[in-house]
Amino acid sequence: VVLAFARGLLKPVLTRMYFPDEQEANAADPVLAAIDGPGARETLIAAATEEGLRFDVRLQGEAQTTFFAL
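As a starting point, this report considers the structure included with it. Fair warning: this is a prediction, and the values are worked out from it, not measured in the lab.

For the coordinates displayed, the defined rule picks out two salt bridges. What you see here is one network of salt bridges that share partners, running through Arg 54, Asp 56 and Arg 58.

Below is the structure:
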C-alpha cells in the first residue's frame, strides 16, 4: 500500500504497488484483477530498471495512477 501526500491535496491518496517479477501472484490478486480500463493495471506495477525498481505516482493526466478510496 502506498499513501501519497502532495501540496494542494487535502487528504493523501491511496494506491498499491505490485512487483513486476511476481506475474503469478499478480494474476491471482483479486484487487488487481478487479481494475478495469485500458492501462489502469499497468499503473500499479513497478518497472524494473538497472538501479532496481521504479514506481511513478502520477496524480493526473496520461497514465494517471489508479487510486483507491480511503
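Having seen the structure, we can now continue with the description.
Another aspect to go through is the environment of Phe 5. As for its placement among the helices and strands, Phe 5 is situated in the loop between strand S1 (2-4) and strand S2 (13-15). Given a relative accessible area of 66%, Phe 5 falls into the exposed group. Sequence separation between Phe 5 and Leu 44 is 39 residues, and the spatial gap between their C-alpha atoms is 17 Å.

So, on to the nonpolar core. Counting five residues, the largest nonpolar core consists of Tyr 18, Leu 32, Ile 35, Ala 40 and Leu 44. In contact with Ile 35, not counting residues within four places along its chain, are Ala 40, Arg 41, Leu 44, Thr 66 and Phe 68.

By secondary structure assignment, the location of Thr 65 is in the segment after strand S4 (52-54). Given a relative accessible area of 2%, Thr 65 falls into the buried group. On a C-alpha basis, the gap between Thr 65 and Phe 55 in space is 9.9 Å, while along the polypeptide they are 10 residues apart. Here Thr 65 is in contact with Thr 15, Thr 43, Leu 44, Asp 56, Val 57 and Arg 58, once residues within four sequence places are set aside. Looking at Thr 65, its side chain comes within polar contact range of the main-chain nitrogen of Arg 58, at 2.8 Å.

Reading the values: rules and limits
Residues numbered from 1 in each chain as written. Predicted model: local features only at pLDDT ≥ 70, side-chain atom pairs only at ≥ 80, totals over all residues. Heavy atoms only, no water. Salt bridge = Lys/Arg side-chain N within 4 Å of Asp/Glu carboxyl O. Helix = DSSP H or I, 4+ residues; strand = E, 2+ residues; numbered from the N terminus. Buried < 20%, exposed > 50% of the residue type's maximum accessible area, 1.4 Å probe, protein only. Core = buried A, V, L, I, M, F, W, Y, C linked by side-chain atoms within 4.5 Å. Contact = heavy atoms within 4.5 Å. Polar contact = N/O pair within 3.5 Å; in protein donor to acceptor, adjacent residues only side chain to side chain.

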